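# Architecture and fold: a report
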Amino acid sequence: MKPRTLRVQSAVTAFQPHSAGDCAALARRVGDDFCPSLVCKKKGNMTLAKTIVPVHRGDQLTSTVTDLTYEGMGVVKQDGYPLFVENALPGEEVTVQVTKTNKQYGFAQLVKRLTSSPDRVEGEFTDYLQTGIAPLAHLKYAAQLKFKQQQVEHLFAAQHLAVKVLPTLPSPVQTGYRNKAQIPVQMIDGELTTGFYRKRSHRLVPMTDFFIQDPRIDEIIVTVRDILRDLDIAAYDERTHRGVVRHIMVRRGRATGEVMVVLVVTKVVPALRQAADLIKANVTDLTTLLWNVNSENTNVILSDKNQMISGPGYIEDKIGERRFKISPQSFFQINSTQTPRLYHIAQELAEFTGKETVIDAYSGIGTIGLTIAAQVKHVYGMEVVPAAVKDAQANAHLNHVDNAEYTVGTAEAVLPRWQKAGIKADVCIVDPPRKGLASSFIDVLKEMNVPRIIYVSCNPATLARDLVHFQDLGYAITSPTQVVDMFPQTPHIESVTRLDLQEK
Ligand SMILES: C[S@@+](CC[C@H](N)C(=O)[O-])C[C@H]1O[C@@H](n2cnc3c(N)ncnc32)[C@H](O)[C@@H]1O
(Lines give C-alpha, C1' and ligand atoms only; values in the text may rest on other atoms or scores of the structure.)
Protein backbone atom coordinates (compact mmCIF):
# COMPACT_ATOMS: atom_id res chain seq x y z
CA MET A 1 0.00 0.00 0.00
CA LYS A 2 1.33 3.45 -0.90
CA PRO A 3 1.48 5.47 2.31
CA ARG A 4 -0.64 8.61 2.57
CA THR A 5 1.44 11.48 3.84
CA LEU A 6 -0.24 13.69 6.40
CA ARG A 7 0.05 17.23 7.61
CA VAL A 8 1.22 17.21 11.20
CA GLN A 9 -0.97 19.92 12.71
CA SER A 10 -4.43 21.18 11.81
CA ALA A 11 -4.80 24.98 11.81
CA VAL A 12 -8.43 25.11 12.88
CA THR A 13 -9.38 27.70 15.45
CA ALA A 14 -12.49 27.88 17.59
CA PHE A 15 -14.17 30.33 15.25
CA GLN A 16 -13.35 28.87 11.85
CA PRO A 17 -15.74 26.57 10.01
CA HIS A 18 -14.17 23.13 9.99
CA SER A 19 -14.64 19.52 9.01
CA ALA A 20 -15.66 16.55 11.17
CA GLY A 21 -12.02 15.39 11.41
CA ASP A 22 -11.04 18.77 12.84
CA CYS A 23 -13.87 18.50 15.39
CA ALA A 24 -12.16 15.36 16.66
CA ALA A 25 -8.80 17.07 16.96
CA LEU A 26 -10.25 20.02 18.85
CA ALA A 27 -12.20 17.77 21.18
CA ARG A 28 -9.11 15.75 22.03
CA ARG A 29 -7.15 18.91 22.72
CA VAL A 30 -9.64 19.91 25.41
CA GLY A 31 -10.15 16.32 26.58
CA ASP A 32 -13.87 16.24 25.70
CA ASP A 33 -16.08 13.87 23.74
CA PHE A 34 -17.58 16.75 21.75
CA CYS A 35 -16.18 19.44 19.51
CA PRO A 36 -15.65 22.61 21.59
CA SER A 37 -15.67 24.94 18.57
CA LEU A 38 -18.01 27.89 18.96
CA VAL A 39 -18.98 27.50 15.30
CA CYS A 40 -20.16 23.94 15.95
CA LYS A 41 -21.93 24.88 19.15
CA LYS A 42 -23.72 27.75 17.43
CA LYS A 43 -24.97 25.34 14.82
CA GLY A 44 -25.79 22.77 17.50
CA ASN A 45 -23.43 20.39 15.72
CA MET A 46 -22.18 18.33 18.70
CA THR A 47 -20.17 15.80 16.73
CA LEU A 48 -19.27 12.73 18.75
CA ALA A 49 -15.68 13.60 18.12
CA LYS A 50 -13.80 10.70 19.65
CA THR A 51 -15.17 8.26 17.11
CA ILE A 52 -13.25 10.04 14.34
CA VAL A 53 -9.66 8.84 13.97
CA PRO A 54 -7.47 11.16 11.87
CA VAL A 55 -5.08 8.45 10.59
CA HIS A 56 -5.42 5.09 8.90
CA ARG A 57 -3.29 1.97 8.94
CA GLY A 58 -0.43 2.45 6.46
CA ASP A 59 -0.34 6.28 6.72
CA GLN A 60 3.08 7.83 7.19
CA LEU A 61 3.75 11.00 9.13
CA THR A 62 6.76 12.95 10.26
CA SER A 63 6.61 14.56 13.67
CA THR A 64 8.44 15.20 16.92
CA VAL A 65 8.07 12.70 19.77
CA THR A 66 6.34 14.58 22.58
CA ASP A 67 6.35 12.11 25.45
CA LEU A 68 7.21 8.64 26.73
CA THR A 69 4.37 6.40 27.93
CA TYR A 70 4.61 4.57 31.25
CA GLU A 71 5.46 1.49 29.12
CA GLY A 72 8.42 3.31 27.55
CA MET A 73 6.92 3.97 24.10
CA GLY A 74 7.37 7.29 22.33
CA VAL A 75 4.23 9.38 21.70
CA VAL A 76 3.64 11.11 18.35
CA LYS A 77 0.44 13.10 17.90
CA GLN A 78 -1.64 13.69 14.77
CA ASP A 79 -4.31 16.34 15.43
CA GLY A 80 -4.12 15.49 19.13
CA TYR A 81 -4.59 11.75 18.41
CA PRO A 82 -1.74 9.83 20.11
CA LEU A 83 0.27 7.15 18.30
CA PHE A 84 2.61 4.96 20.33
CA VAL A 85 5.97 4.17 18.76
CA GLU A 86 8.63 1.76 19.96
CA ASN A 87 12.23 2.97 20.09
CA ALA A 88 11.36 6.68 19.90
CA LEU A 89 12.42 9.17 22.57
CA PRO A 90 11.02 12.61 23.46
CA GLY A 91 12.46 15.39 21.29
CA GLU A 92 13.39 13.07 18.43
CA GLU A 93 12.02 13.86 14.98
CA VAL A 94 10.75 10.67 13.40
CA THR A 95 8.91 9.37 10.37
CA VAL A 96 6.49 6.65 11.40
CA GLN A 97 3.97 4.39 9.70
CA VAL A 98 0.62 3.70 11.37
CA THR A 99 0.17 -0.03 12.15
CA LYS A 100 -3.02 -0.07 14.21
CA THR A 101 -5.72 2.37 15.30
CA ASN A 102 -8.20 2.22 18.17
CA LYS A 103 -10.77 4.87 19.09
CA GLN A 104 -8.55 6.65 21.62
CA TYR A 105 -5.01 5.88 20.42
CA GLY A 106 -3.02 3.96 17.82
CA PHE A 107 0.35 2.33 17.21
CA ALA A 108 2.96 3.21 14.62
CA GLN A 109 6.29 1.77 13.54
CA LEU A 110 9.47 3.76 13.23
CA VAL A 111 10.41 4.24 9.56
CA LYS A 112 13.28 6.69 10.03
CA ARG A 113 14.79 8.62 12.91
CA LEU A 114 15.67 12.08 11.60
CA THR A 115 17.23 13.42 14.82
CA SER A 116 18.54 11.62 17.93
CA SER A 117 17.88 12.50 21.57
CA PRO A 118 20.97 13.28 23.70
CA ASP A 119 19.46 10.74 26.15
CA ARG A 120 19.65 7.90 23.60
CA VAL A 121 22.01 4.98 24.25
CA GLU A 122 23.67 4.00 20.99
CA GLY A 123 23.25 0.32 20.14
CA GLU A 124 20.77 -2.26 18.90
CA PHE A 125 18.08 -3.12 21.44
CA THR A 126 15.20 -4.17 19.16
CA ASP A 127 14.59 -7.60 20.76
CA TYR A 128 14.57 -6.16 24.27
CA LEU A 129 12.26 -3.28 23.31
CA GLN A 130 9.80 -5.36 21.30
CA THR A 131 9.48 -8.09 23.91
CA GLY A 132 9.23 -5.76 26.85
CA ILE A 133 12.23 -7.30 28.64
CA ALA A 134 13.97 -3.96 28.81
CA PRO A 135 11.71 -1.29 27.27
CA LEU A 136 14.01 1.51 28.47
CA ALA A 137 17.30 -0.03 27.29
CA HIS A 138 17.65 2.75 24.68
CA LEU A 139 17.38 5.52 27.34
CA LYS A 140 20.47 6.63 29.32
CA TYR A 141 20.31 5.54 32.94
CA ALA A 142 20.20 9.09 34.37
CA ALA A 143 17.19 9.80 32.11
CA GLN A 144 15.50 6.54 33.24
CA LEU A 145 15.79 7.70 36.86
CA LYS A 146 14.30 11.11 36.01
CA PHE A 147 11.53 9.45 33.94
CA LYS A 148 10.49 7.33 36.95
CA GLN A 149 10.43 10.31 39.32
CA GLN A 150 8.32 12.26 36.81
CA GLN A 151 5.90 9.34 36.31
CA VAL A 152 5.16 9.37 40.03
CA GLU A 153 4.86 13.18 40.06
CA HIS A 154 2.33 13.06 37.19
CA LEU A 155 0.25 10.35 38.82
CA PHE A 156 0.20 12.25 42.12
CA ALA A 157 -0.73 15.51 40.34
CA ALA A 158 -3.60 13.73 38.57
CA GLN A 159 -4.97 12.74 42.00
CA HIS A 160 -4.30 16.24 43.48
CA LEU A 161 -1.81 14.75 45.93
CA ALA A 162 0.61 17.37 47.21
CA VAL A 163 3.49 14.98 47.91
CA LYS A 164 7.11 15.69 47.10
CA VAL A 165 8.81 12.94 45.06
CA LEU A 166 12.52 12.54 45.74
CA PRO A 167 15.01 11.79 42.96
CA THR A 168 15.11 8.06 42.19
CA LEU A 169 17.73 6.09 44.12
CA PRO A 170 19.86 4.41 41.41
CA SER A 171 20.43 0.66 41.46
CA PRO A 172 24.08 -0.28 42.13
CA VAL A 173 23.80 -2.79 39.25
CA GLN A 174 21.96 -1.84 36.06
CA THR A 175 22.17 -4.94 33.88
CA GLY A 176 22.39 -8.62 34.81
CA TYR A 177 20.66 -7.88 38.13
CA ARG A 178 17.64 -10.24 38.03
CA ASN A 179 18.06 -13.23 40.32
CA LYS A 180 15.16 -15.10 38.72
CA ALA A 181 14.16 -16.04 35.16
CA GLN A 182 10.96 -17.62 33.85
CA ILE A 183 11.67 -18.27 30.20
CA PRO A 184 8.97 -19.50 27.81
CA VAL A 185 9.93 -22.11 25.20
CA GLN A 186 8.43 -22.90 21.80
CA MET A 187 9.26 -25.17 18.86
CA ILE A 188 10.74 -23.02 16.08
CA ASP A 189 11.96 -24.79 12.91
CA GLY A 190 11.60 -28.11 14.75
CA GLU A 191 13.86 -27.05 17.66
CA LEU A 192 12.97 -26.22 21.24
CA THR A 193 13.79 -22.52 21.44
CA THR A 194 14.08 -20.11 24.38
CA GLY A 195 13.12 -16.47 24.13
CA PHE A 196 10.55 -13.96 25.20
CA TYR A 197 7.07 -13.14 23.96
CA ARG A 198 6.64 -10.16 21.67
CA LYS A 199 4.58 -7.53 23.58
CA ARG A 200 0.83 -8.21 23.68
CA SER A 201 1.30 -11.62 22.02
CA HIS A 202 2.53 -15.17 22.58
CA ARG A 203 4.86 -15.07 19.56
CA LEU A 204 8.35 -16.00 20.77
CA VAL A 205 11.33 -13.85 19.84
CA PRO A 206 14.30 -16.28 20.10
CA MET A 207 16.83 -15.13 22.67
CA THR A 208 19.65 -16.48 24.82
CA ASP A 209 21.09 -13.23 26.25
CA PHE A 210 18.41 -11.75 28.47
CA PHE A 211 20.43 -8.60 29.33
CA ILE A 212 18.91 -7.87 32.75
CA GLN A 213 19.24 -11.42 34.15
CA ASP A 214 22.21 -12.74 36.09
CA PRO A 215 24.51 -13.91 33.23
CA ARG A 216 25.02 -17.26 34.99
CA ILE A 217 21.23 -17.79 34.81
CA ASP A 218 21.39 -17.14 31.04
CA GLU A 219 24.14 -19.80 30.70
CA ILE A 220 22.09 -22.32 32.68
CA ILE A 221 19.05 -21.73 30.46
CA VAL A 222 21.13 -22.53 27.35
CA THR A 223 22.53 -25.68 29.00
CA VAL A 224 19.02 -26.89 29.90
CA ARG A 225 17.70 -25.97 26.44
CA ASP A 226 20.46 -28.01 24.75
CA ILE A 227 19.73 -31.03 26.96
CA LEU A 228 16.02 -30.86 26.07
CA ARG A 229 16.91 -30.54 22.37
CA ASP A 230 19.27 -33.56 22.48
CA LEU A 231 16.56 -35.67 24.11
CA ASP A 232 13.90 -34.50 21.63
CA ILE A 233 11.62 -33.30 24.42
CA ALA A 234 9.11 -31.04 22.73
CA ALA A 235 8.02 -27.60 23.86
CA TYR A 236 4.31 -27.25 24.70
CA ASP A 237 2.17 -25.77 21.93
CA GLU A 238 -0.71 -23.80 23.42
CA ARG A 239 -2.75 -23.99 20.18
CA THR A 240 -2.68 -27.79 19.84
CA HIS A 241 -2.11 -28.54 23.57
CA ARG A 242 0.68 -30.95 22.51
CA GLY A 243 4.22 -31.06 23.85
CA VAL A 244 5.77 -31.09 27.30
CA VAL A 245 7.92 -28.14 28.40
CA ARG A 246 6.26 -24.75 28.96
CA HIS A 247 8.88 -22.71 30.82
CA ILE A 248 12.40 -23.00 32.18
CA MET A 249 12.60 -21.25 35.53
CA VAL A 250 15.95 -20.55 37.18
CA ARG A 251 16.67 -18.80 40.47
CA ARG A 252 20.17 -18.02 41.70
CA GLY A 253 21.13 -16.62 45.08
CA ARG A 254 23.38 -13.63 44.43
CA ALA A 255 25.13 -13.94 47.79
CA THR A 256 25.16 -17.74 48.05
CA GLY A 257 25.46 -18.83 44.38
CA GLU A 258 22.82 -21.52 45.08
CA VAL A 259 20.86 -22.50 41.95
CA MET A 260 17.28 -23.74 41.54
CA VAL A 261 16.11 -25.13 38.19
CA VAL A 262 12.40 -25.75 37.67
CA LEU A 263 11.06 -27.23 34.45
CA VAL A 264 7.40 -26.34 34.04
CA VAL A 265 5.89 -29.29 32.19
CA THR A 266 2.41 -30.41 31.14
CA LYS A 267 3.16 -34.01 32.18
CA VAL A 268 6.08 -36.04 33.46
CA VAL A 269 7.33 -38.11 30.47
CA PRO A 270 10.03 -40.86 30.76
CA ALA A 271 12.65 -38.77 28.89
CA LEU A 272 12.62 -36.29 31.78
CA ARG A 273 14.48 -38.89 33.86
CA GLN A 274 17.45 -38.63 31.47
CA ALA A 275 17.04 -34.84 31.39
CA ALA A 276 17.35 -34.80 35.17
CA ASP A 277 20.61 -36.80 35.08
CA LEU A 278 22.07 -34.54 32.41
CA ILE A 279 21.03 -31.33 34.19
CA LYS A 280 22.60 -32.60 37.44
CA ALA A 281 25.81 -33.49 35.57
CA ASN A 282 26.07 -30.28 33.53
CA VAL A 283 24.79 -27.54 35.84
CA THR A 284 27.67 -27.92 38.26
CA ASP A 285 26.39 -25.30 40.72
CA LEU A 286 22.88 -26.85 40.87
CA THR A 287 21.38 -26.87 44.38
CA THR A 288 17.92 -28.17 43.63
CA LEU A 289 15.91 -29.45 40.66
CA LEU A 290 12.13 -29.74 40.38
CA TRP A 291 9.41 -30.37 37.86
CA ASN A 292 6.36 -28.17 38.21
CA VAL A 293 3.41 -29.92 36.57
CA ASN A 294 1.02 -27.45 34.95
CA SER A 295 -1.46 -29.06 32.53
CA GLU A 296 -4.00 -26.21 32.64
CA ASN A 297 -4.88 -24.00 29.68
CA THR A 298 -3.64 -20.88 31.48
CA ASN A 299 -1.21 -17.95 31.40
CA VAL A 300 -0.24 -18.61 35.02
CA ILE A 301 3.29 -20.00 34.85
CA LEU A 302 3.56 -22.19 37.96
CA SER A 303 0.92 -24.58 39.28
CA ASP A 304 1.04 -25.61 42.93
CA LYS A 305 2.22 -29.14 41.95
CA ASN A 306 5.96 -29.55 42.45
CA GLN A 307 7.76 -32.85 41.94
CA MET A 308 11.11 -32.86 43.74
CA ILE A 309 13.92 -34.33 41.63
CA SER A 310 17.07 -33.46 43.54
CA GLY A 311 18.17 -31.26 46.43
CA PRO A 312 15.97 -29.79 49.15
CA GLY A 313 13.36 -28.08 46.87
CA TYR A 314 14.49 -24.57 47.81
CA ILE A 315 17.56 -22.33 47.71
CA GLU A 316 18.88 -19.88 50.25
CA ASP A 317 20.05 -16.31 49.69
CA LYS A 318 21.00 -13.40 51.92
CA ILE A 319 19.69 -9.88 52.42
CA GLY A 320 22.17 -7.99 54.56
CA GLU A 321 23.24 -10.34 57.34
CA ARG A 322 20.09 -12.48 57.23
CA ARG A 323 19.64 -15.73 55.36
CA PHE A 324 16.40 -16.66 53.63
CA LYS A 325 14.97 -19.91 52.38
CA ILE A 326 13.15 -19.42 49.04
CA SER A 327 10.71 -22.00 47.60
CA PRO A 328 9.73 -22.03 43.90
CA GLN A 329 6.29 -20.44 44.46
CA SER A 330 7.51 -17.79 46.91
CA PHE A 331 8.07 -14.14 46.02
CA PHE A 332 11.62 -12.85 46.52
CA GLN A 333 12.74 -9.33 45.46
CA ILE A 334 14.55 -9.80 42.15
CA ASN A 335 17.24 -7.11 42.51
CA SER A 336 19.41 -8.42 45.34
CA THR A 337 21.81 -5.45 45.41
CA GLN A 338 19.04 -2.87 45.79
CA THR A 339 16.73 -4.79 48.17
CA PRO A 340 18.66 -4.01 51.39
CA ARG A 341 18.58 -0.32 50.48
CA LEU A 342 14.81 -0.44 49.87
CA TYR A 343 14.25 -2.10 53.25
CA HIS A 344 16.63 0.34 54.96
CA ILE A 345 14.56 3.30 53.68
CA ALA A 346 11.35 1.70 54.97
CA GLN A 347 13.00 1.06 58.33
CA GLU A 348 14.38 4.61 58.65
CA LEU A 349 10.98 6.10 57.81
CA ALA A 350 9.32 3.94 60.48
CA GLU A 351 11.56 5.37 63.27
CA PHE A 352 11.32 2.30 65.49
CA THR A 353 12.10 2.69 69.19
CA GLY A 354 12.01 -1.00 70.16
CA LYS A 355 8.50 -0.84 71.65
CA GLU A 356 6.43 -1.24 68.47
CA THR A 357 4.07 -3.97 67.44
CA VAL A 358 4.38 -4.13 63.66
CA ILE A 359 2.16 -5.66 60.99
CA ASP A 360 4.17 -6.86 57.97
CA ALA A 361 1.36 -7.05 55.41
CA TYR A 362 1.97 -8.96 52.17
CA SER A 363 4.96 -10.47 53.90
CA GLY A 364 6.24 -12.95 51.28
CA ILE A 365 8.95 -15.08 52.91
CA GLY A 366 9.23 -12.63 55.81
CA THR A 367 12.14 -10.57 54.48
CA ILE A 368 10.92 -7.16 55.70
CA GLY A 369 9.58 -8.31 59.09
CA LEU A 370 12.65 -10.41 59.90
CA THR A 371 14.98 -7.57 58.84
CA ILE A 372 13.38 -5.21 61.38
CA ALA A 373 12.47 -7.76 64.09
CA ALA A 374 15.44 -6.89 66.31
CA GLN A 375 14.33 -3.24 66.46
CA VAL A 376 10.71 -3.79 67.47
CA LYS A 377 8.67 -5.65 70.10
CA HIS A 378 6.70 -7.99 67.86
CA VAL A 379 5.98 -8.66 64.15
CA TYR A 380 2.74 -10.12 62.76
CA GLY A 381 2.94 -11.04 59.07
CA MET A 382 0.27 -12.20 56.65
CA GLU A 383 0.68 -13.56 53.14
CA VAL A 384 -1.59 -15.39 50.68
CA VAL A 385 0.86 -18.02 49.31
CA PRO A 386 1.08 -20.93 51.78
CA ALA A 387 4.60 -21.96 50.63
CA ALA A 388 5.84 -18.41 51.29
CA VAL A 389 4.39 -18.45 54.82
CA LYS A 390 6.13 -21.80 55.49
CA ASP A 391 9.37 -20.18 54.25
CA ALA A 392 8.77 -17.14 56.51
CA GLN A 393 8.34 -19.41 59.54
CA ALA A 394 11.50 -21.36 58.64
CA ASN A 395 13.32 -18.06 58.05
CA ALA A 396 12.38 -16.76 61.50
CA HIS A 397 13.98 -19.93 62.89
CA LEU A 398 17.00 -19.71 60.59
CA ASN A 399 17.71 -16.16 61.79
CA HIS A 400 17.02 -16.88 65.49
CA VAL A 401 14.05 -14.49 65.50
CA ASP A 402 11.45 -15.36 68.12
CA ASN A 403 9.24 -12.25 68.01
CA ALA A 404 7.74 -12.75 64.53
CA GLU A 405 4.77 -14.88 63.50
CA TYR A 406 3.22 -15.46 60.09
CA THR A 407 -0.32 -16.32 58.99
CA VAL A 408 -1.63 -17.62 55.65
CA GLY A 409 -4.46 -15.64 54.07
CA THR A 410 -5.29 -12.51 52.17
CA ALA A 411 -4.45 -9.29 53.95
CA GLU A 412 -8.09 -8.20 53.63
CA ALA A 413 -9.33 -11.41 55.30
CA VAL A 414 -6.66 -11.72 58.01
CA LEU A 415 -6.64 -8.11 59.27
CA PRO A 416 -10.30 -8.10 60.44
CA ARG A 417 -9.57 -11.33 62.34
CA TRP A 418 -6.65 -9.65 64.10
CA GLN A 419 -8.89 -6.66 64.83
CA LYS A 420 -11.44 -8.99 66.49
CA ALA A 421 -8.63 -10.68 68.42
CA GLY A 422 -7.71 -7.25 69.84
CA ILE A 423 -4.26 -6.96 68.26
CA LYS A 424 -3.05 -3.37 68.51
CA ALA A 425 -0.37 -2.35 66.03
CA ASP A 426 1.83 0.75 66.14
CA VAL A 427 3.11 0.45 62.58
CA CYS A 428 1.90 -1.39 59.49
CA ILE A 429 4.33 -1.93 56.63
CA VAL A 430 2.43 -2.76 53.45
CA ASP A 431 4.12 -4.17 50.34
CA PRO A 432 1.27 -5.26 48.06
CA PRO A 433 1.44 -6.58 44.48
CA ARG A 434 0.75 -4.22 41.55
CA LYS A 435 -2.99 -4.08 42.16
CA GLY A 436 -2.34 -2.25 45.43
CA LEU A 437 -4.31 -2.52 48.67
CA ALA A 438 -7.87 -3.79 48.97
CA SER A 439 -9.96 -0.80 49.99
CA SER A 440 -11.53 -2.81 52.85
CA PHE A 441 -8.01 -3.46 54.18
CA ILE A 442 -7.36 0.31 54.38
CA ASP A 443 -10.71 0.80 56.15
CA VAL A 444 -9.81 -1.79 58.79
CA LEU A 445 -6.37 -0.23 59.40
CA LYS A 446 -8.23 3.00 60.20
CA GLU A 447 -10.77 1.22 62.40
CA MET A 448 -7.84 -0.33 64.31
CA ASN A 449 -6.36 3.18 64.63
CA VAL A 450 -2.96 2.01 63.36
CA PRO A 451 -1.07 5.28 63.76
CA ARG A 452 1.73 4.81 61.21
CA ILE A 453 1.80 3.21 57.77
CA ILE A 454 4.89 2.58 55.66
CA TYR A 455 3.75 1.98 52.09
CA VAL A 456 6.22 0.07 49.88
CA SER A 457 4.72 0.17 46.38
CA CYS A 458 5.60 -1.41 43.03
CA ASN A 459 2.90 0.50 41.13
CA PRO A 460 2.58 4.28 41.52
CA ALA A 461 -0.91 4.33 39.94
CA THR A 462 -2.41 2.16 42.67
CA LEU A 463 -0.22 3.89 45.27
CA ALA A 464 -1.77 7.27 44.30
CA ARG A 465 -5.28 5.77 44.49
CA ASP A 466 -4.58 4.26 47.93
CA LEU A 467 -2.96 7.44 49.30
CA VAL A 468 -6.15 9.34 48.44
CA HIS A 469 -8.18 6.74 50.33
CA PHE A 470 -5.88 6.99 53.36
CA GLN A 471 -6.14 10.79 53.27
CA ASP A 472 -9.95 10.63 53.10
CA LEU A 473 -9.89 8.54 56.30
CA GLY A 474 -7.74 11.05 58.21
CA TYR A 475 -4.16 9.95 57.45
CA ALA A 476 -1.56 12.54 56.40
CA ILE A 477 1.32 11.78 54.08
CA THR A 478 4.26 12.67 56.30
CA SER A 479 7.26 11.87 54.12
CA PRO A 480 8.21 12.62 50.56
CA THR A 481 7.90 9.56 48.32
CA GLN A 482 11.30 7.97 47.74
CA VAL A 483 11.50 6.22 44.37
CA VAL A 484 13.96 3.29 44.49
CA ASP A 485 15.09 1.80 41.19
CA MET A 486 14.63 -1.95 41.61
CA PHE A 487 14.12 -2.58 37.88
CA PRO A 488 16.70 -0.77 35.69
CA GLN A 489 16.02 -0.80 31.91
CA THR A 490 12.30 -1.32 32.59
CA PRO A 491 9.57 1.20 33.41
CA HIS A 492 8.64 -0.54 36.69
CA ILE A 493 8.67 1.81 39.67
CA GLU A 494 9.20 0.95 43.33
CA SER A 495 8.76 3.57 46.05
CA VAL A 496 8.35 4.09 49.79
CA THR A 497 6.02 6.61 51.52
CA ARG A 498 5.04 7.18 55.16
CA LEU A 499 1.59 8.12 56.45
CA ASP A 500 0.48 9.06 59.96
CA LEU A 501 -3.01 9.10 61.42
CA GLN A 502 -3.87 12.66 62.41
CA GLU A 503 -5.19 13.44 65.88
CA LYS A 504 -8.80 14.68 65.75
C1 LIG B 1 5.54 -7.31 46.32
S2 LIG B 1 5.49 -8.84 47.14
C3 LIG B 1 6.23 -8.40 48.67
C4 LIG B 1 6.74 -9.52 49.52
C5 LIG B 1 7.71 -9.13 50.62
N6 LIG B 1 7.24 -8.03 51.40
C7 LIG B 1 9.10 -8.88 50.07
O8 LIG B 1 9.59 -7.75 50.16
O9 LIG B 1 9.71 -9.81 49.55
C10 LIG B 1 3.79 -9.01 47.47
C11 LIG B 1 3.40 -10.27 48.19
O12 LIG B 1 2.00 -10.21 48.44
C13 LIG B 1 1.43 -11.50 48.27
N14 LIG B 1 0.00 -11.26 48.04
C15 LIG B 1 -0.65 -11.02 46.88
N16 LIG B 1 -1.94 -10.74 47.13
C17 LIG B 1 -2.13 -10.82 48.47
C18 LIG B 1 -3.23 -10.61 49.35
N19 LIG B 1 -4.43 -10.27 48.87
N20 LIG B 1 -3.04 -10.75 50.66
C21 LIG B 1 -1.82 -11.10 51.15
N22 LIG B 1 -0.74 -11.31 50.38
C23 LIG B 1 -0.89 -11.15 49.05
C24 LIG B 1 2.23 -12.10 47.14
O25 LIG B 1 2.17 -13.51 47.16
C26 LIG B 1 3.64 -11.56 47.44
O27 LIG B 1 4.34 -12.44 48.28
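Conventions we followed
Residues numbered from 1 in each chain as written. Predicted model: local features only at pLDDT ≥ 70, side-chain atom pairs only at ≥ 80, totals over all residues. Pairing = 2+ DSSP bridges. Helix = DSSP H or I, 4+ residues; strand = E, 2+ residues; numbered from the N terminus. Axes fitted to C-alpha atoms, helices over the stretch in contact; angles between N-to-C directions. Contact = placed C-beta atoms within 7 Å. Parallel < 35°, antiparallel > 145°, perpendicular 65-115°, else oblique. Left-handed = near helix turned anticlockwise from the far one by under 90°. Nonpolar A, V, L, I, M, F, W, Y, C, P; charged D, E, K, R; others polar. Near = placed C-beta within 6 Å. UniProt positions renumbered as here; feature names shortened; annotations may be inferred. Expected span 1.5 Å × (residues − 1). Buried ≥ 20, exposed ≤ 12 C-beta atoms within 10 Å, placed from the backbone. Arc of directions from axis to C-beta. Domains from an automatic or database assignment. Right-handed = clockwise from strand over helix to strand, strands pointing away. pLDDT = per-residue confidence, 0-100.

### Describing the sheet that holds strand E5 (residues 93–101)
- If you trace the six strands from one edge of the open sheet to the other, you get E1-E5-E6-E4-E3-E2, paired in mixed fashion. Of all the strands in the sheet, the pair left with one neighbour each is strand E1 (60–64) and strand E2 (67–68).
- Alignment of E1 against E5, held across five bridges, turns out to be antiparallel. By the bridge assignment for E5, Gln60 is matched with Gln97.

### Description of the sheet that holds strand E11 (residues 245–252)
- As summarised here, the arrangement of the seven strands in space is E10-E9-E8-E11-E12-E13-E14, forming an open sheet in which the pairing is mixed. The open sheet is flanked by strand E10 (204–206) and strand E14 (306–310), the only strands paired with a single partner. With direction set aside, neighbouring strand axes in the sheet form an average angle of 35°.
- As defined by bridge partners, strand E12 (residues 259–265) adjoins strand E13 (residues 286–293) across seven bridges and the pair is classed as parallel. The residue bridging Val259 from the neighbouring strand is Leu286, located in E13.
- Those strands touched by helix H6 (residues 271–282) are E12, E13 and E14, and its axis lies near 160° from that of E13.

### Thoughts on the packing of helix H10 (residues 411–420) against helix H11 (residues 439–447)
- Relative orientation of the contacting elements H10 and H11 amounts to 20°, with a least axis distance of 9 Å. By the angle between their directions, the pair H10 and H11 is classed as roughly parallel. Between H10 and H11 lies a crossing whose hand is left-handed. Of the residues in H11, those in contact with Ala411, Glu412, Leu415, Pro416 and Gln419 of H10 are Ser440, Phe441, Val444 and Glu447.
- In the contact of H10 with H11, the residues fall into five nonpolar, two polar and two charged.

### Section: the site of the ligand
- As a structural note, the neighbourhood of the ligand is formed by 19 residues, with Phe331, Tyr362, Gly364, Thr410 and Asp431 the closest of them.
- Contributing elements (two or more residues each) for the shell around the ligand: helix H8 (367–372) and strand E18 (378–383).
- Taken together, the residues of the shell around the ligand sort by class into twelve nonpolar, five polar and two charged.

### Overview of the UniProt feature "active site" (unreviewed entry) in the protein
- UniProt tags Cys458 as "active site" (unreviewed entry).
- With respect to the helices, strands and loops of the structure, Cys458 is situated in the loop between strand E21 (452–457) and helix H12 (460–472).
- Apart from residues no more than four positions distant in its own chain, Cys458 is found in contact with Arg434, His492 and Glu494.

### Re helix H4 (residues 141–158)
- Taking 1.5 Å per residue as the helical rise, H4 with its 18 residues ought to reach 26 Å, and the 26 Å between its terminal C-alpha atoms agrees with that figure.
- Within H4 the residues assigned to the buried category are Gln144, Lys148, Gln149, Gln151, Val152, Leu155 and Phe156. Buried positions in H4, seen along its axis, are confined to an arc of 145° and lie on one side of it. Opposite the buried face of H4, by more than 90 degrees, sit the exposed residues Ala142 and Ala158.
- Looking at the buried side of H4, the elements it contacts are strand E7 (165–169), H12, strand E23 (481–484) and strand E24 (494–501).
- His160 occupies a position one or two residues after H4 and carries a positive phi of about 55°.

### Focus: the domain arrangement of the protein
- You can read the domains of the protein as domain 1 (20–117), domain 2 (158–171 + 335–501) and domain 3 (180–319).
- Look at where the C-alpha atoms of domain 2 and domain 3 centre, and you get two points 32 Å apart.
- Every contact between the two is made by six residues of domain 2 and, on the other side, six residues of domain 3.
- Counting only elements with at least two residues in the side of domain 2 that touches domain 3, the list comes to helix H7 (339–350) and H8.

### A short note on the pairing of E21
- Burial analysis of E21 places six of its six residues in the buried class, which makes it a mostly covered element.
- Residues Arg452, Ile454 and Val456 of E21 are buried on one face, and the alternating residues Ile453, Tyr455 and Ser457, pointing to the opposite face, are buried as well.
- Of the pairings in the sheet, the one linking strand E20 (residues 427–430) to E21 comprises four bridges and is parallel in character. By the bridge assignment for E21, Val427 is matched with Arg452.
- Viewed along the sheet, the connection from E20 through H11 into E21 turns out right-handed.
- Pairing of E21 with E24 involves six bridges; the strand directions are antiparallel. Its bridge partner lying in E24, Ser457 is registered against Ser495.

### A look at the UniProt feature "domain: TRAM" (unreviewed entry) in the protein
- UniProt marks residues 54–112 with the feature "domain: TRAM" (unreviewed entry), using the numbering shown here.
- In residues 54–112, helix accounts for 0% and strand for 56%; the two terminal C-alpha atoms are 21 Å from one another.

### A short note on the confidence of the model for the protein
- Of the residues in the protein, 90% reach a pLDDT of 70 or more, and the chain-wide mean stands at 92.
- Across residues 42–50 the pLDDT falls below 50, and counting only partners more than four positions away or on other chains, this stretch makes 22 contacts in the model.
- In the predicted complex, the global pTM is 0.90; the interface-specific ipTM is 0.99.

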